[in-house]
Amino acid sequence: MNPKQYAFPPDFLWGTAASAYQVEGHNRHSDWARWEMEERKRPPARRRIREPCGRACDHWNRFEEDYELARSIGVQVHRPSVEWSRIYPREKLVDREALAHYRTMLQALQRRGIKVMLCLNHFTLPLWAASRGGYTNAKMLLPAFEAYVETVVQYLGDLVDYWLTVNEPNVIPTAAYLGAVMPPFKSSPLSFVKAFRTFMAMHSRAYRIIKERFPRSPVGVAYSYFHLQPLRQHNPLDRAGRNLAHLAINRRFFQGIAGGRIGPPLGLGERMPGLEGALDFIGINYYSTSYMKGLFPVESKPGDLVTEMGWIYYPRGLYEVLHEISRLSPRPIIITENGIATTDESFRIRYLEDHLKEIHRALADGIEIRGYMHWSLTDNFEWQHGYSKRFGLIGIDYATLERKLKTGGQRYARIIGDNGFAEPAPPDKEQRP
Ligand code: FCB
């Protein structure tokens, strides 16, 4: 029997993703840096952030080495982000040196023939903005964000191939303002709604600013489109909870893009100026499935296969999400994040290939998927979990900062080189001696 082949389209883009705060190090003007310090004052058992980010991977100084490794893997597109608090350490102060440094970093990718997908906001805020209400104070935040986006577009725009306005506009409202697991650790439905609406406005404003200067540059969003299931399949409360969560955190954003209006529970159907049509491609971040028990999320149930994050191993969910999103918002799709926290490289390879198989299946159905970016190029600071979770294709020894390509990274390099992979045929018993 021939091995099953998973060949990808000739122009399929293979890439990697990362974010500024998680790799650069010493982003001391960011809200996260302050929260990490505050958390140190709590007794260890009550800390909500495991450890401070500190120098992270020192990517700020070691980007050449990281990008050289990316080149050796065969990466065709890389997704970094710029840190707002580095560029604007104070509201009206632009740090020109930081901007120049970012230029050098993006040029280092370009020089290696690696395309740049630049994200403008990935989970962090400048401290000065966070301390004035952050995402819940749209009146303050939106003009400041616009000024920052204008600056980035002006100084770095010529080096960018693809733009991502914001990372996961649904996750910070949910995790930081409703679920209280990320700073500012709130659980307020009203703040959730405010933050979500601010993210939608940030997205549409950034979209317009970029398009004005670079009309042909593709602009997207990196969206964590949650695969959600009722915990108990036939329980009406779990089904209702699942449907409400699905509506609020998955569908409303894309319906807003389609019709320009914000529907309940995020709004009353009112128009948001500039929102309609503000999307050229959809970036999908996919990791897992999860459950709703009434109105409460449940990460997994006994018997589920989970990763070190506690997230369920569920490749099929990616296929279903791709189908759903392509019906809801027909646009080209790029997988902007997918990966696994593990120290077991055979598990990483299995995760990678099983998810690629689902993408391959969706491609065969005619869904327009243009590329795949693995999370993450290197091990990095995994937010509240600190350095305990290892998502990298490249391992980092945090004592020496030494980088080393993992077996999973080698496997990804082969997949890129072959533009796909073949599944080894199961051993044929009769042919064995
Ligand atoms: C995503 C985030 C990314 C990383 C992965 C594991 O939600 O965008 O920064 O933390 O999860």
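Look up a bit, the structure's there.
A. Broad picture of the site of the ligand. The environment of the ligand is made up of Gln22, His122, Phe123, Asn167, Glu168, Tyr287, Glu337, Trp375, Glu382, Trp383 and Phe391. Asn167 has a polar side-chain atom sitting 2.9 Å from an oxygen atom of the ligand. Trp383 places a side-chain nitrogen or oxygen 3.1 Å from an oxygen atom of the ligand. Contact with the protein chains covers 94% of the free accessible surface of the ligand, which is 300 Å². Taken together, the residues of the shell around the ligand sort by class into five nonpolar, three polar and three charged.

B. Seen up close, helix H7 (residues 138-156). In this model, H7 (19 residues) spans 26 Å end to end at C-alpha, consistent with the 27 Å of a helix rising 1.5 Å per residue. The inward-facing, buried residues of H7 contact helix H4 (84-87), helix H5 (96-111), strand S4 (115-119), helix H6 (127-130), strand S5 (162-167) and helix H9 (189-213).

C. Here's a closer look at the packing of helix H3 (residues 59-73) against H5. Interhelical geometry of H3 versus H5 gives an angle of 10° and a closest axis separation of 9 Å. One finds that H3 runs roughly parallel with respect to H5. Judged by residue contacts, His59, Trp60, Phe63, Glu64 and Tyr67 of H3 engage Ala98, His101, Tyr102, Thr104, Met105, Ala108, Leu109 and Arg111 from H5. When the residues that make up the contact of H3 with H5 are grouped by side-chain class, the tally is eight nonpolar, three polar and two charged.

D. Fine view of the side chain of Asp379. In this structure, Asp379 sits in the loop between strand S14 (369-375) and strand S15 (394-397). Of the residues examined, Asp379 reaches a relative accessible area of 1% and is grouped as buried. At 2.8 Å, the side chain of Asp379 forms a polar contact with the side chain of Lys406. If we skip the residues at most four places from it in the chain, Asp379 touches Cys57, Arg390, Phe391, Gly392, Ile394, Gly395, Ile396, Tyr398 and Lys406.

E. Highlighting the pattern of salt bridges. Applying the stated criterion to the full structure yields 29 salt bridges. Arg112 is the partner of Glu68 in a salt bridge, and the nearest nitrogen-oxygen pair spans 2.7 Å. Of this pair, Glu68 sits in helix H3 while Arg112 sits in the loop between H5 and S4, placing them 44 residues apart in sequence. For the salt bridge of Glu320 with Arg316, the shortest nitrogen-to-oxygen distance reads 3.1 Å.

F. Main features of the environment of His29. Here His29 shows up in the loop between helix H1 (20-23) and helix H2 (31-40). Distance in space between the C-alpha atoms of His29 and Ile87 is 9.8 Å, their sequence separation being 58 residues. Filtering out sequence-adjacent residues up to four positions away, His29 remains in contact with Ser85, Pro89, Leu125, Pro126 and Leu127.

G. Expanded view of unusual backbone geometry. In the segment running from Pro183 into Pro184, the intervening peptide bond is cis, with an omega of 5°. On the secondary structure map, Pro184 appears in the loop between helix H8 (171-177) and H9. Following Pro264, the chain continues into Pro265 via a peptide bond in cis, with omega recorded as 5°. Residue placement: Pro265 occurs in the loop between strand S8 (261-262) and strand S9 (270-271). One non-glycine residue, Ala180, lies in positive phi territory at about 55°. By the secondary structure assignment, Ala180 is in the loop between H8 and H9.

H. Expanded view of H5. Its 16 residues place the ends of H5 22 Å apart at the C-alpha level, agreeing with the 22 Å of an ideal helix rising 1.5 Å per residue. Buried within H5 are the following residues: Ala98, Leu99, Tyr102, Met105, Leu106, Ala108 and Leu109. In this structure, the buried residues of H5 make contact with H1, H3, strand S3 (77-79), H4, S4 and H7. If you check the start of H5, you find a side-chain oxygen 3.0 Å away from the backbone N of Glu97, and it comes from Asp95. Note on H5: the residue one or two positions beyond its end, Gly113, has a positive phi of about 75°.

I. A look at the nonpolar core. Among the nonpolar cores identified, the biggest contains 129 residues, and Tyr148 and Ile359 are the most heavily contacted of them. It is H9 that provides the largest number of residues to this core, a total of twelve residues. Excluding residues within four positions of it along the chain, Ile359 makes contact with Phe8, Phe12, Leu318, Leu322, Ile335, Ile369 and Tyr372.

J. Representation of the packing of aromatic side chains within the structure. Taken as a whole and judged by the stated rule, the model has 38 aromatic pairs. When the centroid spacing of 6.4 Å and the interplanar angle of 85° are considered together, the rings of Trp32 and Phe381 count as edge-to-face. One end of the pair, Trp32, is in helix H2; the other, Phe381, is in the loop between S14 and S15, with 349 residues separating them in the sequence. For Trp32, a relative accessible area of 1% corresponds to the buried category. With a centroid separation of 5.0 Å and 55° between ring planes, the pair formed by Trp32 and Trp383 is classed as tilted. Placement of Trp32 in helix H2 and of Trp383 in the loop between S14 and S15 is noted, with a sequence separation of 351 residues between them. Comparing Trp32 with Trp383 shows no difference in burial state: the two are buried. By the ring-pair criterion, three or more aromatic residues cluster together here, those being Tyr21, Trp32, Phe123, Phe381, Trp383, Tyr387 and Tyr398. One residue, Arg48, lies across the ring of Phe185, its end atom 3.9 Å from the ring centre. It is Arg361 that lies over the ring of Tyr319; its NZ or CZ is 3.6 Å from the centre.

K. Region of interest: a nonpolar patch on the surface. Together, Leu244, Leu295 and Phe296 make up a nonpolar patch on the protein surface, roughly 350 Å² of accessible area in all. Checked against the element boundaries, Leu244 lands in helix H10 (residues 236-259).

Rules and cut-offs
Residues numbered from 1 in each chain as written. Predicted model: local features only at pLDDT ≥ 70, side-chain atom pairs only at ≥ 80, totals over all residues. Heavy atoms only, no water. Near = heavy atom within 4 Å. Polar contact = N/O pair within 3.5 Å; in protein donor to acceptor, adjacent residues only side chain to side chain. Areas by Shrake-Rupley, 256 points an atom, 1.4 Å probe, with all protein chains shown as cover. Nonpolar A, V, L, I, M, F, W, Y, C, P; charged D, E, K, R; others polar. Helix = DSSP H or I, 4+ residues; strand = E, 2+ residues; numbered from the N terminus. Expected span 1.5 Å × (residues − 1). Contact = heavy atoms within 4.5 Å. Axes fitted to C-alpha atoms, helices over the stretch in contact; angles between N-to-C directions. Parallel < 35°, antiparallel > 145°, perpendicular 65-115°, else oblique. Buried < 20%, exposed > 50% of the residue type's maximum accessible area, 1.4 Å probe, protein only. Salt bridge = Lys/Arg side-chain N within 4 Å of Asp/Glu carboxyl O. Core = buried A, V, L, I, M, F, W, Y, C linked by side-chain atoms within 4.5 Å. Phe/Tyr/Trp six-rings, centres within 6.5 Å; stacked < 30°, edge-to-face > 60°. Lys NZ or Arg CZ within 6 Å of the ring centre and 35° of its normal. Patch = residues over 30% accessible without salt bridge, like charges linked within 9 Å, V, L, I, M, F, W, Y side chains within 5 Å.

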